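Secondary and tertiary structure notes
Chain residues, written in single-letter form:
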Amino acid sequence: MEKRQIVQIPVEQVQKLRELDSLRKDLVGYPISKKVHILLQEKLKDAFEKIEIKEDEKEDWTEYIRGSVPTHIFGTIAIGITKYSGEMIGVPFTKFLVASEGDKTWWCNYNKDLENVGNFLLANFQDKSFSKNYFIKYDKVINGIRERTEKLRKEDFSNFSKETLLEKYSLFIEDIMRFFGLTMDIDAIDIYLEKAMKEKFEKLISKEEELSKSKFNSKYSLLTSPVELSYITTEEFAVLKLAKEIKKQNLVSLFDNEPERIVMNLKENHPKIFEGIESLVKKFWWTSLGWRQVKGNNFRTYVSKLKGALEKDIEKEIKSINNSIKKVKSEKKQLAIDFNFDDEMKFYLRLFEKYVLLHDYRKEDQMRGVAIMDKFLFEIKKIGDIRYEDLVWAWPDEIKNYLREGVIDLEKIRDRKGAFFTIIEKDNIRQLTGEEAIKTRKKVLMPDQQNIHNFEGMGVSLGKVVGRVRVCHSSADSIKKVRKGDILVASMTLPDYVPAMKKAVAIVTDEGGVTCHAAIVSRELKLPCIVGTKIATKVLNDGDLVEVNANHGVVRIIKTAKSIITNSK
């Protein structure tokens, strides 16, 4: 039996231990010696908890930089994926690396997982039975979470008791985790389908003729142009149709008033138009959301959009949208004839078109899900003396414990908020905070790149422009920084980036493929766009003068912001 050692505790600390019950309800009823033992064990665990980085975890990640994405969001996503992703196809994603510091979050997919899932899917989609069952399952997942988020969006959480809130929160977190887990394979198929499709297209083209890089990219851009409207253009089309009806009823002058008067007048005197705006809100309330943008579209949003639409040539705009889809379909059909597409190429194209739609569906449900997660937090914060800004940095299990016991470690949460590094696996979460987190991230992930004068990516929307760079890690960044004529540079884009994208003359991203958000939106906005550079946000700085040549997939730095400032002195 181990020898016990008596530890003397100052009187003032004994008093603090007696007062601890109000802060740590899990320690109520224990003698002081037991409380000291529990607290000591917790502190020792924190002191000795280090992340051992395995050799295969160094520089083996596909790295995406976001604006600050807190633990409640990325934790729910990563835990859900490692827990449930294997249910979809039998091949799971095994781990994720997430780090944060200041206004940046690094989300990293494990490359071996992407490879395993991507190759497995491509091989098995050749089996018609596998393919059919897969897409039936996918539809159920997407429709299921959409129904649940819509139901919760309409519920009044303020009527819930603490017990009901805990029950509903716990159920929804499991639901949204499963959704994230069962739809993650899009990230893998993006990479490996695009690679297979491009290689196949190159072979087919080389049989017919030799093409310059610019002409090849032009043909490939057409090949990867979707034949269905994205949610962004679908929303725009719906607004234009309602604006057309407003003109038909000679109500244009009504929209010269203040929003409140417009709403009141429509409700009292023009119920059909009022219902039309309500329908827009119901269908598209989520399109302005992002990982941290929690305010959705409302009645005022669409009054403003209708004002803008009424200033346009509506018939011309509607005709342009309709013709653009017809044109793409016709040109793609001719492309298949010109280069004699075989069954394999047609298979890749069908799969591509399917995943373009799934991308939009998943994006919608991701944004809906995050909105409901935030709705829960805004209600939970009312229970005790805790701010939403802190609560959002808690793990889901910490929030459940807070609802059960009324206990949450705010010191830990605030440390996590400052700087954080974690590797999340199915049965294990390895995490660090503070300086140790920053050091470990720098050791494992790729540093910023210097002395690079040009770099390549995939040109997904053709064109060539010169402009000033604005590096944006969040939609708030993009709205604040991007002005007309700027080049928007981001790790990726989300629905809440669209206002800034409309001001930009070109878009460049670190990540993404032919079906990513930036690719689809840039095509519809007819902006030059290069995706999948991997390093754009690490090489470029605000104010750099660059040429974006999407015809060749090349970004060339003409002058750095630093040299521009130096030369101006």
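For the structure itself, look to the data block above.
Throughout what follows, the structure given in this document is the object of discussion. (Residues numbered from 1 in each chain as written. Predicted model: local features only at pLDDT ≥ 70, side-chain atom pairs only at ≥ 80, totals over all residues. Heavy atoms only, no water.)

**Concerning the packing of helix H11 (residues 259-269) against helix H13 (residues 299-310)**
Following both chains from N to C, one finds H11 and H13 inclined at 95°, their axes separated by 10 Å at the closest point. Put simply, H11 runs roughly perpendicular to H13. In this structure, H11 contributes Pro-259, Glu-260, Ile-262 and Val-263 to the contact, and H13 contributes Phe-299, Arg-300, Val-303 and Lys-307. Each residue belonging to the contact of H11 with H13 can be placed in one class, and the counts come to 5 nonpolar, no polar and 3 charged. (Axes fitted to C-alpha atoms, helices over the stretch in contact; angles between N-to-C directions. Helix = DSSP H or I, 4+ residues; strand = E, 2+ residues; numbered from the N terminus. Parallel < 35°, antiparallel > 145°, perpendicular 65-115°, else oblique. Contact = heavy atoms within 4.5 Å. Nonpolar A, V, L, I, M, F, W, Y, C, P; charged D, E, K, R; others polar.)

**A word on the nonpolar core**
In terms of nonpolar packing, the biggest core is built from 145 residues, with Phe-125, Tyr-134, Tyr-355 and Ile-380 touching the most fellow members. Of all the elements, helix H15 (residues 343-380) adds the most residues to this core, at 17 residues. In terms of nonpolar packing, the next biggest core, distinct from the first, is built from 17 residues, Val-471, Ile-535, Ala-536 and Val-555 among them. (Core = buried A, V, L, I, M, F, W, Y, C linked by side-chain atoms within 4.5 Å. Buried < 20%, exposed > 50% of the residue type's maximum accessible area, 1.4 Å probe, protein only.)

**A look at the sheet that holds strand E4 (residues 419-425)**
Within the open sheet, the 5 strands sit side by side as E1-E3-E2-E4-E5. Their pairing is antiparallel. Each having just a single partner strand, strand E1 (61-67) and strand E5 (428-433) make up the two edges of the open sheet. Going from strand to strand, the sheet's axes swing by 15° on average, the running direction of each strand aside. On the sheet, helix H5 (residues 111-124) packs against E1, strand E2 (95-101) and strand E3 (104-110) and is oriented at approximately 50° with respect to E3. (Pairing = 2+ DSSP bridges.)

**Overview of the pattern of salt bridges**
If the charged atoms of two oppositely charged side chains come close together, the side chains can form a pair. Scanning the entire structure with this criterion turns up 29 salt bridges. When the shortest N-O distance is used, the salt bridge between Glu-63 and Lys-538 registers 3.0 Å. Placement of the pair is Glu-63 in strand E1 and Lys-538 in helix H23 (residues 536-539), with a sequence separation of 475 residues. Like Glu-63, the residue Lys-538 is buried in the burial classification. Measuring nitrogen to oxygen at the nearest pair gives 3.5 Å for the salt bridge that ties Asp-390 to Arg-387. Under the relative-accessibility criterion, Asp-390 is labelled buried at 1%. Here the salt bridges do not stand alone but share partners, grouping Arg-146, Glu-150, Arg-153, Lys-154, Glu-364, Asp-365 and Arg-368 into one network. (Salt bridge = Lys/Arg side-chain N within 4 Å of Asp/Glu carboxyl O.)

**Concerning the packing of H11 against helix H12 (residues 271-284)**
Look at H11 against H12: their axes get within 6 Å of each other, and the N-to-C directions meet at 120°. One element, H11, and the other, H12, form an angle in the oblique class. For the pair formed by H11 and H12, the contact residues are Val-263, Leu-266, Lys-267 and Asn-269 on the first element and Pro-271, Ile-273, Phe-274 and Ile-277 on the second. Tallied by class, the residues present in the contact of H11 with H12 amount to 6 nonpolar, 1 polar and 1 charged.

**Digging into the environment of Lys-363**
Its location among the elements puts Lys-363 in helix H15. Non-local contacts of Lys-363, meaning those with residues more than four positions away in its chain, are made with Tyr-231, Trp-286, Met-492, Leu-494 and Pro-495.

**Notes on empty space enclosed by the protein**
The final tally for this structure, using the stated rule, is 3 cavities of 30 Å³ or more. Taken as a whole, the largest cavity holds about 40 Å³ of empty space. Lining the largest cavity are Pro-226, Glu-228, Leu-229, Ser-230, Val-356, Leu-357, Asp-360, Ile-520 and Glu-524. Secondary structure elements with two or more residues in the lining of the largest cavity: H15 and helix H22 (517-525). Ranked by the residues each element gives to the lining of the largest cavity, the list is headed by H15, at 3 residues. Tallied by class, the residues present in the lining of the largest cavity amount to 5 nonpolar, 1 polar and 3 charged. (1 Å grid on protein atoms, 1.4 Å probe; cavity = no way out; pocket = protein on both sides within 12 Å on 5 of 7 lines; lining within 4 Å. Points joined across faces, edges and corners; volume = space filled by probe spheres on them.)

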